[in-house]
Amino acid sequence: MIVPERVLTASRDLNTVLAGADAMAKRIDRGLPREGETAAVALLELKDAEPRLSAMRRIMREDLGLTD
């Protein structure tokens with residue numbers, strides 16, 4: 001797949017947040033959370049992904065020439 005650098009950057013930003021939340025959830029599930037890691041904190045981390053997801057969606061739509 002070929003995508004513009006703006007889309008790749010937005011995708012990386014979102015992936016960073018999602019990967020961190022996923023890793024935290026797995027540690028919590030295994031009973032090996034790091035200090036301060038709880039289900040509530042993991043949920044907050046996932047909520048941090050929302051603005052990045054919205055940004056990536058907007059950038060991808062702009063690249064396709066779509067408007068609302």
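Residues numbered from 1 in each chain as written. Predicted model: local features only at pLDDT ≥ 70, side-chain atom pairs only at ≥ 80, totals over all residues. Heavy atoms only, no water.

Student: Is there a simple way to think about the overall build of the protein in this case?
Tutor: Helix and strand counts for the protein come out as two helices and zero strands. Scaling as 2.2 N^0.38, a compact globule of 68 residues should have a C-alpha radius of gyration of about 11 Å, whereas the protein reaches 15 Å, well beyond that. Projected onto its principal axes, the C-alpha positions of the protein cover 45 × 25 × 15 Å. Within the protein, buried positions represent 18% of all 68 residues. Of all intrachain contacts in the protein linking residues separated by at least 6 positions in sequence, the fraction that spans at least 24 positions is 58%. As displayed, the protein has an accessible area near 5300 Å², and 58% of this comes from carbon and sulfur atoms. Positive and negative side-chain charges of the protein, numbering 11 and 12 respectively, have mean locations separated by a distance of 2 Å. (Helix = DSSP H or I, 4+ residues; strand = E, 2+ residues; numbered from the N terminus. Rg over C-alpha atoms; globule rule 2.2 N^0.38 Å. Buried < 20%, exposed > 50% of the residue type's maximum accessible area, 1.4 Å probe, protein only. Contact = heavy atoms within 4.5 Å. Areas by Shrake-Rupley, 256 points an atom, 1.4 Å probe, with all protein chains shown as cover. Lys, Arg positive; Asp, Glu negative; His and termini not counted. Charge placed at Lys NZ, Arg CZ, Asp CG, Glu CD.)

Student: Whenever I open this one, the nonpolar core confuses me. Can you help?
Tutor: Nonpolar side chains in soluble globular proteins tend to end up buried together. Membership of the largest hydrophobic core is limited to seven residues, which are Val7, Ala10, Leu14, Val17, Ala49, Met56 and Ile59. Secondary-structure elements contributing two or more residues to this core are α1 (5–29) and α2 (39–64). With four residues, the top contributor of residues to this core is α1. Contacts of leucine 14, omitting those with residues within four sequence positions, involve Ala49, Arg52, Leu53 and Met56. (Core = buried A, V, L, I, M, F, W, Y, C linked by side-chain atoms within 4.5 Å.)

Student: Whenever I open this one, α1 confuses me. Can you help?
Tutor: Since the α-helix packs 3.6 residues into each turn, any two residues three or four apart lie on the same face. Spanning 25 residues, α1 covers 35 Å between terminal C-alpha atoms, matching the ideal 36 Å at 1.5 Å per step. All of the buried residues along α1 are Val7, Ala10, Leu14, Val17, Ala21, Met24 and Arg27. Contacts from the buried residues of α1 go to α2. Positioned one or two residues after α1, glycine 31 has a phi angle of 80°, which is positive. (Expected span 1.5 Å × (residues − 1).)

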